[in-house]
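# Topology and contacts: notes
Here is what each chain is made of, one letter per residue.
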Amino acid sequence: MPRTTRLSSSLLRAAAVAGVAALTLTACGSGSGSSSAGSSGSGSGSVKVGLITKTDTNPFFVKMKEGAEKAAKENGADLSTAAGKFDGDNAGQVTALENMVAAGVKGILITPSDSKAIVPAIEKAKAKGVLVIALDTPTDPESAVDALFATDNLKAGELIGEYAKAAMKGKTAKIAALDLAPGVSVGVQRHNGFLKGFGATEKDVACAQDTGGDQSKGQTAMENCLQKEPGINVVYTINEPAALGAYTALKAKGREKDVLIVSVDGGCTGTQAVKDGKIAATSQQYPLKMAAEGVKAVVAYAKDGKKASGYTDTGVTLITDKAQDGVTSKDTAYGLENCWG
């Protein structure tokens, strides 16, 4: 990273150690963690890369971290990682970002917990010559980062919306939407994509509840929706934990076989739930690829100064064992071969 004052190699190493130590302290708590990974010959000549995820407990981000670690080793980079204590912990991510910049990273990969609130910290990092790439979740505005490597979340929502529409075969739909949280771009895009794919509007949603992507909250949300509208027959969920929570609530009411549940993520547990018939279909995304491509982009920037830019779509595939005419999909055998978690 370019710096105003030239430091001796010993001071640089001391600053890096201090930064990593501070990062570790920041990460203390039930939902946070930090570590370093890199080539066996790591040292002052290695490219330093930072990865900041929303949490270190969600299987999606666990797999993302694995992808970054593998890519760092393959590309001779040193990787430092950190995570928020919970999904939405912007303050924790800001501190982690500042610590990584102080430690001399060349680039930072981040899944923003708050797409807007993180922007000032990102701008400060970029002003110091750090390449900042968003993974999975775009910032608001998207141009706040140098590049975005992510699933097309609008498309992911559209795919399950199209599938649900076809599976209903003309029956009147009473929709429950189990969303993420207000203002989080991933949740907004998936929700809007589902409605677009289904050919519905907000007026067609009989009940909408936020779940934070949590299974127990998904169950509670579904229970609340059934109380509000007992005739719900289509359930859109932000992710598979929320979908499994909805399934539990529906099963308790004896409704699990007559309500269509669709979701997004493609984790191994969720894909298995599709195979088991608990979820009708899910849109699978690929966190390992996001992280691996991000690490490669930082290493390339360190070598030739060329910054990654714009949006890179890392792919999405509809997974179901009950294919519908006119909707492109792959079965759970494919899904389980390519799942994460």
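Residues numbered from 1 in each chain as written. Predicted model: local features only at pLDDT ≥ 70, side-chain atom pairs only at ≥ 80, totals over all residues. Heavy atoms only, no water.

## Comments concerning the pattern of salt bridges
Within this structure, the stated rule accounts for nine salt bridges. Glu74 serves as the salt-bridge partner of Lys70, at 2.6 Å between the closest nitrogen and oxygen. Taken as a pair, Lys70 and Glu74 lie in helix 2 (residues 59-74) at a separation of four residues, close to a single helical turn. Lys174 is the salt-bridge partner of Glu229, the closest N and O atoms lying 3.7 Å from each other. Of the two residues, Glu229 is situated in the loop between helix 7 (215-228) and strand 9 (234-237) and Lys174 in the loop between helix 5 (153-168) and strand 7 (175-179); the sequence distance between them amounts to 55 residues. Of the residues examined, Glu229 reaches a relative accessible area of 22% and is grouped as partly exposed. (Salt bridge = Lys/Arg side-chain N within 4 Å of Asp/Glu carboxyl O. Helix = DSSP H or I, 4+ residues; strand = E, 2+ residues; numbered from the N terminus. Buried < 20%, exposed > 50% of the residue type's maximum accessible area, 1.4 Å probe, protein only.)

## With respect to helix 2
The periodicity of an α-helix, 3.6 residues per turn, causes residues three or four positions apart to be oriented the same way. For helix 2, with 16 residues, the first-to-last C-alpha span of 23 Å sits near the 22 Å given by 1.5 Å per residue. Burial in helix 2 covers these residues: Phe60, Phe61, Lys63, Met64, Gly67, Ala68, Ala71 and Ala72. Just beyond helix 2, the residue with positive phi is Gly76, at close to 65°. (Expected span 1.5 Å × (residues − 1).)

## A short note on the state of the cysteines
Applying the stated rule across the entire model yields two disulfides. Two residues share a disulfide in this structure: Cys207 and Cys225, whose sulfurs sit 2.2 Å from each other. Every disulfide takes its handedness from the sign of the S-S torsion; for Cys207 and Cys225 that torsion is -75°, giving left-handed. With Cys207 in strand 8 (residues 205-210) and Cys225 in helix 7, the pair connects residues that are 18 residues apart, well separated along the chain. (Disulfide = S-S within 2.5 Å.)

## What to know about the nonpolar core
Ranked by internal contacts, the top residues of the largest apolar core, which has 28 residues, are Tyr163, Phe194 and Val262. Setting aside chain neighbours within four positions, we find Phe194 in contact with Gly157, Glu158, Ile160, Gly161, Ala164, Ile175, Val234, Tyr236 and Val262. Membership of the second largest hydrophobic core comes to 27 residues, among which are Val49, Met64, Leu131 and Ala147. (Core = buried A, V, L, I, M, F, W, Y, C linked by side-chain atoms within 4.5 Å. Contact = heavy atoms within 4.5 Å.)

## Remarks on the confidence of the model for the chain
Detailed reading of the predicted coordinates is not advisable wherever pLDDT falls low. Of the residues in the chain, 87% reach a pLDDT of 70 or more, and the chain-wide mean stands at 89. For the stretch residues 1-33, pLDDT sits under 50, and the model shows 54 contacts to residues farther than four places along the chain or on other chains. Every residue in residues 36-43 is under pLDDT 50, and counting partners more than four places away or in other chains gives 20 contacts. (pLDDT = per-residue confidence, 0-100.)

## Considering the packing of aromatic side chains
Considering all chains together, one arrives at four aromatic pairs under this definition. Judged by centre distance (5.3 Å) and plane angle (90°), the rings of Phe60 and Phe61 are edge-to-face. There is no split in this pair, since Phe60 and Phe61 are both buried. Summarising the aromatic geometry, the rings of Phe194 and Tyr236 are spaced 5.1 Å apart at their centres and angled 25° between planes, so their arrangement reads as stacked. Taken as a pair, Phe194 in helix 6 (residues 185-198) and Tyr236 in strand 9 lie far apart in primary sequence, 42 residues in all. By relative accessible area, which is 2% here, Phe194 ends up buried. By way of ring pairs, the aromatic residues Phe60, Phe61 and Trp340 are connected into one cluster. Across from the ring centre of Tyr301, 5.1 Å away, lies the NZ or CZ of Lys106, which sits over that ring. (Phe/Tyr/Trp six-rings, centres within 6.5 Å; stacked < 30°, edge-to-face > 60°. Lys NZ or Arg CZ within 6 Å of the ring centre and 35° of its normal.)

## A few points about the packing of helix 7 against helix 8 (residues 240-252)
Two numbers describe how helix 7 lies on helix 8: the axes approach to 7 Å, and their chain directions differ by 45°. As the angle between them shows, helix 7 and helix 8 are arranged oblique. For the element pair helix 7 and helix 8, the recorded crossing hand is right-handed. Contact residues: Gln215, Gly218, Gln219, Met222, Glu223 and Leu226 in helix 7; Pro241, Ala242, Leu244, Gly245, Ala246, Thr248, Ala249 and Leu250 in helix 8. (Axes fitted to C-alpha atoms, helices over the stretch in contact; angles between N-to-C directions. Parallel < 35°, antiparallel > 145°, perpendicular 65-115°, else oblique. Left-handed = near helix turned anticlockwise from the far one by under 90°.)

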